[in-house]
Amino acid sequence: MIDCSEKLRQLRLGKHLTQGQLAQRVGVTKGMVSAYETASKAPSLEVLIRLSRVLGVTVDYLVCVDAPRYMDISALDDSSAALVIALVDKLAQTRQEPPR
C-alpha cells in the first residue's frame, strides 16, 4: 500500500472519531488503527473496504490513487439530493473562478 497514513488520520479526525471508535466500526483493534496511521502496518483489502465505507471515501482515495471523494446521498429524496448536487457544483465553480 502506498503510504497514505496521514490521509487516514485526517479522514478519521474529520469524522470526529477516536482511533478506538474507528477500530470498533471497522472490526480491528485500536492498535491496528494506530499502526495504519503510522504506516507500520498496512490494512488488508477487506479492512480497506470497511475503512472506506466508514470514512465515506473510495478505496482509491484512501490509498492515494487520484480519485475524487464521494458522498453517499442515496438516503435523500430527489429534492434534497438536487440541492446537495447544486451546492457542490456551486462550490466547485467558486474554487475555479480567478480572484477579483
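Our subject is the structure listed above.
Reading the values: the criteria
Residues numbered from 1 in each chain as written. Predicted model: local features only at pLDDT ≥ 70, side-chain atom pairs only at ≥ 80, totals over all residues. Heavy atoms only, no water. Phe/Tyr/Trp six-rings, centres within 6.5 Å; stacked < 30°, edge-to-face > 60°. Lys NZ or Arg CZ within 6 Å of the ring centre and 35° of its normal. Core = buried A, V, L, I, M, F, W, Y, C linked by side-chain atoms within 4.5 Å. Buried < 20%, exposed > 50% of the residue type's maximum accessible area, 1.4 Å probe, protein only. Helix = DSSP H or I, 4+ residues; strand = E, 2+ residues; numbered from the N terminus. Contact = heavy atoms within 4.5 Å. Axes fitted to C-alpha atoms, helices over the stretch in contact; angles between N-to-C directions. Left-handed = near helix turned anticlockwise from the far one by under 90°. Salt bridge = Lys/Arg side-chain N within 4 Å of Asp/Glu carboxyl O.

**Q** So what's going on with the packing of aromatic side chains? Which residues, and what values?
**A** As enumerated under the stated definition, the model contains zero aromatic pairs in all. Between Lys7 and the ring centre of Tyr61, over which it is positioned, the NZ or CZ distance is 3.9 Å.

**Q** Explain the nonpolar core to me, and be specific about the residues and the numbers.
**A** Counting residues in each nonpolar core, the largest one holds 17 residues, and the members touching the most others are Leu8, Leu22, Val28, Leu51, Leu55 and Leu62. Contributing elements (two or more residues each) for this core: helix 1 (5-14), helix 2 (19-26), helix 3 (30-37), helix 4 (45-55) and helix 5 (59-62). The dominant element in this core, judged by the number of residues it contributes, is helix 4, at four residues. Apart from residues no more than four positions distant in its own chain, Leu51 is found in contact with Leu8, Leu22, Val26, Tyr36, Pro43 and Leu62.

**Q** Can you explain the packing of helix 2 against helix 4? Please cite residues and give values.
**A** Where helix 2 meets helix 4, the axes come as close as 9 Å, and the angle between the chain directions of the two elements is 115°. As for the relative orientation of helix 2 and helix 4, their crossing is right-handed in sense. The segment helix 2 lies against helix 4, with Leu22, Arg25 and Val26 engaging Val47, Arg50, Leu51, Val54 and Leu55.

**Q** I'd like a rundown of the environment of Ile49, residues and numbers included.
**A** Mapped onto the secondary structure, Ile49 falls in helix 4. In this structure, the C-alpha to C-alpha distance between Ile49 and Leu62, residues 13 residues apart in sequence, is 9.3 Å.

**Q** Please give an account of the pattern of salt bridges that cites residues and values.
**A** For the coordinates displayed, the defined rule picks out three salt bridges. For the salt bridge of Arg9 with Glu6, the shortest nitrogen-to-oxygen distance reads 3.2 Å. A residue pair is termed a helical-turn pair when its members lie 3 or 4 positions apart in one helix, as Arg9 and Glu6 do in helix 1 at three residues. Between Arg12 and Glu37 there is a salt bridge whose closest N-O contact spans 2.5 Å. With Arg12 in helix 1 and Glu37 in helix 3, this pair connects stretches of sequence that are 25 residues apart.

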